[in-house]
Each structure stands twice: as structure tokens, then as C-alpha cells.
Amino acid sequence: MIQKSIRLFRLWGIPVELNLSWLFVLTLITWTFATRCYIPEIYPGRFLSYENWAVGFLTALLLFVSILLHEFSHALVASRNGLPIRKITLFMFGGVAHMEREVDNPTLELRMAAAGPLMTLLLAVLFHTVSFLSREMFYVSILFESLSRINVGVLIFNMVPGFPLDGGRILRAAIWRRTGNLQYATRIASRIGSGFAIVLIVMGFFLFIIYGQSISGLWLIFIGFFLKQAARSGYLMVAFKETLGHLHVSDIMRTGVVTTESSTSLRTLVDDYFLKYHFGSFPVMKDGEYVGIVTLKDVKRVEQDHWEKAAVEDVMDRSMAGLHLLPSDPAEKLFNLIVGMGIARVPVVDYSGNIIGIVTRRDLMEAIKVTTSIGQ
Ligand SMILES: [Zn+2]
């Protein structure tokens, strides 16, 4: 996922930002509408090509406004009930309202989750009405009719009862309210979410391969993978908070870390480190400072004949050099790095900069698995 976002404006005190991936959607929607929907066969003689593009672009912009209003209705219900919203981000697959903290009661979650789809329903009705009233003005009428239909589509998709879609959040809140068990409720809703995601991926492949509709097919596949990932990390987050939320990095980290020097040759690294210790990676030090991490995959990029001459610093991953945790950091920070940002391994450093431990994705998953199975 593209990380870069730009801050647009503030509305009702909430900052709105646009992830750059959204520009891709803007282009795609404009293009789709300009070339497919307003085709001359359906409305012969009505649209010249530049008008197609203009109406396509306007449709995309107003869709942006629709999604923004949808997110704002979630956000306003939240902030009215004492849950501050940090920001709203619009990205390729829609929008997210980032909350300062998680909802702690099912009734509020239910109201918050329902607010978005209600707004979308309202917009669909409104756009349909505008389209009807403006039926004398062809362009305006067709523009609002398409917007109404897109919003109906968004509504139907959004109400599928799989987490993290709004329908899934509603279902989760309902189960949570009945059973009082948030983790159980999230597990059910996110399983439905994952199942739905797989259906989308399979449908995407069918469209792509059998029907040759490459754009719609790819789009479904992308959304499917995104949803699947979101359903999984949403569940893990809840499971994690309920079981490990009170812990610190020092409780989860693996100690006895072996570090290597940046000047070590790859041959020595393989023979004296990978073969000897059977670790998947080694933090790399230079002049007593942590400068990066080296994995077997990095080594494999260099042909064996060159292992004598090449050094660790030629292949190591430096991008994470500044990234480390303190043993006293809350375990949640670790969770956000590994599950939220997809970082595979994070070193733990003491106050004088010495590496005293490491946590890998597998360590974290094992810890969650062990504690959730004990809790059941
Ligand atoms: Zn929503």
C-alpha cells in the first residue's frame, strides 16, 4: 500500500487526508465512465468525447464527496460520544476514520457502524431525486443517476456482514452485545469477512480469465486481498489486546541475539552464522552501532562464487536501521509495527544502544496463539 498521504482540509475539526493511491481511483473511474458508460451506442449523438471525460471526472469527484460524507457520519457519531477522531483518510478502496482509541461498548459500536451506510442510503435517494428533477438537463440528470447507482452499489457491498465492512461491524456489535465477548464476536465477523474476500478473489479470477474483463477482474482481486488482510489484522488486534495488551516488549522478545559485523564476508556469514545458529536473520553492527539487518534471502541475491568478496553491508537491509524498540515499550507498539506495517523483525535495543533482543513476526503470532488458546 502506498504510504504517502496529503493533508487536504479540516472539517468539523477533523483533518481530512488523501492517500495518493486515491489518484489512481480518480483516473480509473474517470476513464471507465468516459469510455464505457457514456458510450455513443446508448446515447447516440448526445456525448462528444471531451464531455464524456468531463462527466466522468465529475462523477469521480462527487463519489469522493459521497465517501467523505459516509466517513464523517461514522466520525461524528464517534466524537459526539466521547471518542475523538484523529483524522479521516481517503484511499484507493474507500475511506477510514482513525479513532484515538477503540470503542469499548457494543451499543456505541452499533450506532457508529450503522451511521455510514445510512448516509450512503440517504445520498443514493438524494442523487436519484436530483436526477429525476433535472431530467430536462441531460448531462446533469445522467451524472446524478450514475452517482445514485454507485452509492447503491457501495451500500450493498458495505452491508455484507463480514468484518471490517460496516455490515461486519454491525454483526460484531450485535454478537458482542449478546455474548459480552468481543474477541468471539470479532472472530465470527472476521471469518465471514475473510470468506467474502475469497469469493471476491475467485470472482475476480473468473472475470479476468474467462470473461476477459481484466480491469474489473483485477479490481475485485485487489479488493479481495485487501479485505482478507484487513479482516485478519482486525481480528489479531482484538485477540492481541485482550491477551497481550498489558505486556511489554521485554515479555515477548527473544534474547540471546547474535549480531554480525557489517564488514563480515558473506561466506563467513553463511558458514559461521546461518549454519551454526539456524537463525533466519542477524542484526548488523558497525562501530558498535546497529545499522541494519541481514537475512538469508539477502545473501541469496549474490552468486556463491562472489561470497568471499561481498560483505554483509553490500546486501543488508538498511531501511529499518532507525527502527527499534525498547524493552519497556508497550507490546502494542510492537504489534503495530509487525501487523500494522508488515515489518518482519524488529530488534530491541537498551538505552545505550546495545541490541539485547529481537522479535519476529513468528514470535508475536506464537505468543498470541498460546495466550488465546489458554484463554478459551
Ligand atoms: Zn463505513
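As the structure is a prediction and not an experimental result, all values here were calculated from the model. (Residues numbered from 1 in each chain as written. Predicted model: local features only at pLDDT ≥ 70, side-chain atom pairs only at ≥ 80, totals over all residues. Heavy atoms only, no water.)

**Student:** Got a minute to help me understand the environment of proline 84 in this structure?
**Tutor:** Turning to its location among the elements, proline 84 is positioned in the loop between α2 (49-80) and β3 (85-91). A relative accessible area of 36% places proline 84 in the partly exposed class. In this structure, the C-alpha to C-alpha distance between proline 84 and methionine 99, residues 15 residues apart in sequence, is 6.2 Å. (Helix = DSSP H or I, 4+ residues; strand = E, 2+ residues; numbered from the N terminus. Buried < 20%, exposed > 50% of the residue type's maximum accessible area, 1.4 Å probe, protein only.)

**Student:** Teacher, can you tell me more about the layout of surface pockets here?
**Tutor:** Left-over empty space is what a probe sized like a water molecule reveals as it rolls over the atoms. Quantified by volume, the second largest pocket comes out at close to 360 Å³. Around the second largest pocket, the lining is made up of 15 residues, and of these Arg187, Ser190, Arg232, Tyr235 and Leu236 lie nearest the centre. Broken down by secondary-structure element, the contributors of at least two residues to the lining of the second largest pocket are α6 (182-210), α7 (214-244) and α13 (361-375). It is α7 that contributes the most residues to the lining of the second largest pocket, seven residues altogether. Grouping the amino acids of the lining of the second largest pocket by side-chain chemistry returns six nonpolar, four polar and five charged. When we break the lining of the second largest pocket down by domain, the ones giving at least three residues each are domain 1 (5-244) and domain 2 (249-375). (1 Å grid on protein atoms, 1.4 Å probe; cavity = no way out; pocket = protein on both sides within 12 Å on 5 of 7 lines; lining within 4 Å. Points joined across faces, edges and corners; volume = space filled by probe spheres on them. Nonpolar A, V, L, I, M, F, W, Y, C, P; charged D, E, K, R; others polar. Domains from an automatic or database assignment.)

**Student:** Would you mind showing me how to read helix α9 (residues 266-277) here?
**Tutor:** Residues lying three or four places apart along an α-helix face the same way, a consequence of the helix completing one turn every 3.6 residues. Those residues of α9 lying buried are Leu266, Leu269, Val270, Tyr273 and Phe274. Down the axis of α9, the buried set is contained in an arc of 125°. They therefore lie on one face. Every exposed residue of α9 that faces more than 90 degrees away from the buried side is listed here: Leu275 and Lys276. Those residues of α9 that are buried are in contact with β5 (260-261), β6 (281-286), β7 (289-295), α10 (296-300) and α11 (312-315). Trailing α9 by a residue or two, histidine 278 shows a phi angle of about 60°, which is positive. (Arc of directions from axis to C-beta. Contact = heavy atoms within 4.5 Å.)

**Student:** Explain the domain arrangement of the protein chain here, please?
**Tutor:** Accessible area lost during the coming together of the parts is what is often quoted as the interface size. Along its sequence, the protein chain is carved into domain 1 (5-244) and domain 2 (249-375). In this structure, domain 1 and domain 2 have C-alpha centres spaced 38 Å apart. Between domain 1 and domain 2, the residue contacts involve eleven residues of the former and twelve residues of the latter. Around 920 Å² of area is buried between domain 1 and domain 2 when both sides are counted, 82% of it from carbon and sulfur atoms. For the interface between domain 1 and domain 2, the tally reads zero salt bridges. Taken together, the connections running from domain 1 to domain 2 amount to zero residue pairs in polar contact (both at pLDDT 80 or more). Broken down by element, the side of domain 1 that touches domain 2 gets its largest block of residues, ten residues, from α7. For the side of domain 1 that touches domain 2, the class distribution of residues is five nonpolar, four polar and two charged. (Buried area = accessible area lost by both parts, 1.4 Å probe. Salt bridge = Lys/Arg side-chain N within 4 Å of Asp/Glu carboxyl O. Polar contact = N/O pair within 3.5 Å; in protein donor to acceptor, adjacent residues only side chain to side chain.)

**Student:** What exactly am I supposed to notice about the pairing of strand β2 (residues 14-19) here?
**Tutor:** Consecutive side chains along a regular strand alternate between the two faces of the sheet. Of all six residues in β2, six are buried; the element is thus mostly enclosed. Here β2 shows a buried face lined by Ile14, Val16 and Leu18 and a second buried face lined by Pro15, Glu17 and Asn19. In sequence, strand β1 (residues 5-11) turns back onto β2 through a hairpin of two residues, with tryptophan 12 there showing a positive phi of about 45°. Pairing of β2 with β3 involves three bridges; the strand directions are parallel. Paired with leucine 18 across the bridge in β3 is leucine 90. (Pairing = 2+ DSSP bridges.)

**Student:** In this structure, what is going on with the sheet that holds β7? I would like to understand it.
**Tutor:** Whether parallel or antiparallel, the strands of a sheet pair through hydrogen bonds between backbone atoms. Ordered in space as β5-β6-β7, the three strands form an open sheet in which the pairing is mixed. Each having just a single partner strand, β5 and β7 make up the two edges of the open sheet. As judged from the two bridges shared by β5 and β6, these two strands associate in the parallel manner. Note on β6: the bridge partner recorded for glutamate 261 is methionine 285. Contacting β5, β6 and β7, α9 runs over the sheet at an angle of about 135° to β6. (Axes fitted to C-alpha atoms, helices over the stretch in contact; angles between N-to-C directions.)

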